[in-house]
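Architecture at a glance
Letter by letter, the chains look like this.
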Amino acid sequence: MPLSVLAILTGLPLLLWSAGRFVDASAVIANHFRISPLVIGMLIVGFGTSMPEMIVSALAASQGNPGIALGNAIGSNITNIALILGLTAIICPIAVKSSILKKELPILTAVTFLSLFLLWDQGLSRLDAIILLVVFFALIGWTFWVSTKHQQDNLAVEVQQELEQNVMSIRQATMWSIGGMLLLVVSSRALVWGAIKIATQLGVSDLFIGLTIIAVGTSLPELASSIVATQKQEHDIALGNVLGSNLFNTLAVIGIAGAIHPMEISASAFYRDIMVMTALTLSLFVLGYGIKGRGSINRFEGGLLLCCYLGYTAVLLFQAMSA
């Protein structure tokens, strides 16, 4: 047990740190070859923030542990909405802008219902996974096409400012890009190994470990960036981080894991975890539009989201101990 805990305690921070270094280095390399800041922000930075979930789930699926792969994706979505938005709103209420209500929230809701439909038979086949991945890349292409129509794109400006502050040379960037990817693989292996060992020793399912420890751990970057963004009054970034991460998890993370290792989904995973994820996604619509048409996530509503997360986790623990 001590060695398993050590593997998680060292693997998780190393995973998050190496993902950050890989993203920074890759952005410098892309900028060196004159790739536009908008493309860098959308593809490299966008992929990089969800890379921990993707690497962990892909590795778990390849090793025949689909519970960790699925639990990581679903658990991260639940954590992002209930825990991260809940805590963030308690610290600083989040204003929901009309652009998010018109575009991001409907897309995330549609994608959530798509995954619900595909997983209705309590199985994730390769065809299901391919459908999710096709939708994912279609959304990436559509988002890029729409963004190029706006010459003064906020994301492009922000990325350009970050690149100007980064003094990393192309040689250093190349080394960190390769080293960061290697560290990502090594740290994710340690994390998955430790999670499997703990699940075995405690007699709980790998799905439980994926829904709790790994999901919270891999969602820490979203928590930090959302809190910082709201304190700077950048509410669209705070909410956009969560919505973008959930889209990535639902389409790419589950899609990649399913393409590597098709899996059966237990009744509890579907009727408990996937339904909770769906309900929380729908709750964002209620909170976003508001009763009087002025949508926001205030401190009281943030507290409700946090209570939902604590209650959900309590149910997981009770069922795991009763099994």
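What you see is a predicted model, and the numbers here were worked out from it, not measured in a lab.

Across its full length, the protein chain holds 13 helices and four strands. Here the protein chain holds 323 residues, and 51% of them are scored as buried. Excluding contacts between residues fewer than 6 apart, the proportion of contacts in the protein chain whose partners are at least 24 apart in sequence is 86%. Total accessible area computed for the protein chain in this model is approximately 15,100 Å², and 68% of it derives from carbon and sulfur atoms.

With that settled, the discussion passes to helix H8 (residues 170–202). With 33 residues, H8 should cover 48 Å at 1.5 Å per step; its first-to-last C-alpha distance of 47 Å lies within 8% of that length. For H8, the set of buried residues is Ala 173, Ser 177, Gly 180, Leu 184, Ser 187, Ser 188, Leu 191, Val 192, Gly 194, Ala 195, Ile 198 and Ala 199. Gly 203 lies just past H8 and shows a positive phi near 75 degrees.

Turning our eyes to something else, we now look at the packing of aromatic side chains. Under the counting rule described, the total for this entry stands at four aromatic pairs. Between the aromatic rings of Trp 120 and Phe 270, the centroid separation amounts to 5.4 Å while the plane-to-plane angle is 90 degrees, which identifies the pairing as edge-to-face. Separated by 150 residues along the polypeptide, Trp 120 in the loop between helix H5 (98–118) and strand S2 (123–124) and Phe 270 in helix H12 (residues 267–289) bring together distant segments of the chain. Residue classification places Phe 270 among the buried positions, given a relative accessible area of 0%. Measuring from centroid to centroid gives 5.0 Å for Phe 270 and Tyr 271, while their planes differ by 85 degrees, and the two rings are edge-to-face.

Close contact between helix H4 (residues 66–91) and helix H13 (residues 299–322) brings their axes to 7 Å; oriented N to C, the two are set at 145 degrees. Crossing geometry of H4 relative to H13 is assigned as left-handed. Residues Ile 78, Thr 79, Ile 81, Ala 82, Leu 83, Leu 85, Gly 86, Leu 87, Ala 89, Ile 90 and Ile 91 of H4 form the contact with H13, whose participating residues are Arg 299, Gly 302, Gly 303, Leu 305, Leu 306, Tyr 309 and Tyr 312. Within the contact of H4 with H13, the residues separate by chemical class into 13 nonpolar, four polar and one charged.

Before going further, it helps to spend a moment on empty space enclosed by the protein. Scanning the entire structure with this criterion turns up one cavity of 30 Å³ or more. When its volume is computed, the largest cavity comes out at roughly 30 Å³. Along the lines of polarity and charge, the residues of the lining of the largest cavity split into six nonpolar, one polar and no charged.

A separate point is helix H3 (residues 51–62). For H3, with 12 residues, the first-to-last C-alpha span of 16 Å sits near the 16 Å given by 1.5 Å per residue. Judged by how many residues are buried, H3 sits mostly within the fold: 11 of 12 residues are covered. Met 51, Pro 52, Glu 53, Met 54, Ile 55, Val 56, Ser 57, Ala 58, Leu 59, Ala 60 and Ala 61 are the residues of H3 that are buried. Residue Gly 64 follows H3 closely and has a positive phi angle near 80 degrees.

In terms of nonpolar packing, the biggest core is built from 78 residues, with Leu 85, Ile 209 and Ile 297 touching the most fellow members. Of all the elements, H4 adds the most residues to this core, at 12 residues.

Let us now look at the confidence of the model for the protein chain. The pLDDT averaged across the protein chain works out to 80; a share of 80% of its residues lies at or above 70. Of all the helices and strands in the protein chain, helix H7 (residues 154–165) carries the lowest mean pLDDT, 57, while S2 carries the highest, 92.

With that settled, the discussion passes to the pattern of salt bridges. For the structure shown, the criterion picks out one salt bridge. Note that Asp 273 and Arg 272 form a salt bridge whose closest N and O atoms lie 2.7 Å from each other. Owing to a relative accessible area of 17%, Arg 272 belongs among the buried residues under this scheme.

Position of Asn 72 relative to the elements: it lies in helix H4. Among the polar contacts listed, one links the side chain of Asn 72 to the side chain of Ser 57, at a separation of 3.1 Å.

Analysis parameters
Residues numbered from 1 in each chain as written. Predicted model: local features only at pLDDT ≥ 70, side-chain atom pairs only at ≥ 80, totals over all residues. Heavy atoms only, no water. Helix = DSSP H or I, 4+ residues; strand = E, 2+ residues; numbered from the N terminus. Buried < 20%, exposed > 50% of the residue type's maximum accessible area, 1.4 Å probe, protein only. Contact = heavy atoms within 4.5 Å. Areas by Shrake-Rupley, 256 points an atom, 1.4 Å probe, with all protein chains shown as cover. Expected span 1.5 Å × (residues − 1). Phe/Tyr/Trp six-rings, centres within 6.5 Å; stacked < 30°, edge-to-face > 60°. Axes fitted to C-alpha atoms, helices over the stretch in contact; angles between N-to-C directions. Left-handed = near helix turned anticlockwise from the far one by under 90°. Nonpolar A, V, L, I, M, F, W, Y, C, P; charged D, E, K, R; others polar. 1 Å grid on protein atoms, 1.4 Å probe; cavity = no way out; pocket = protein on both sides within 12 Å on 5 of 7 lines; lining within 4 Å. Points joined across faces, edges and corners; volume = space filled by probe spheres on them. Core = buried A, V, L, I, M, F, W, Y, C linked by side-chain atoms within 4.5 Å. pLDDT = per-residue confidence, 0-100. Salt bridge = Lys/Arg side-chain N within 4 Å of Asp/Glu carboxyl O. Polar contact = N/O pair within 3.5 Å; in protein donor to acceptor, adjacent residues only side chain to side chain.

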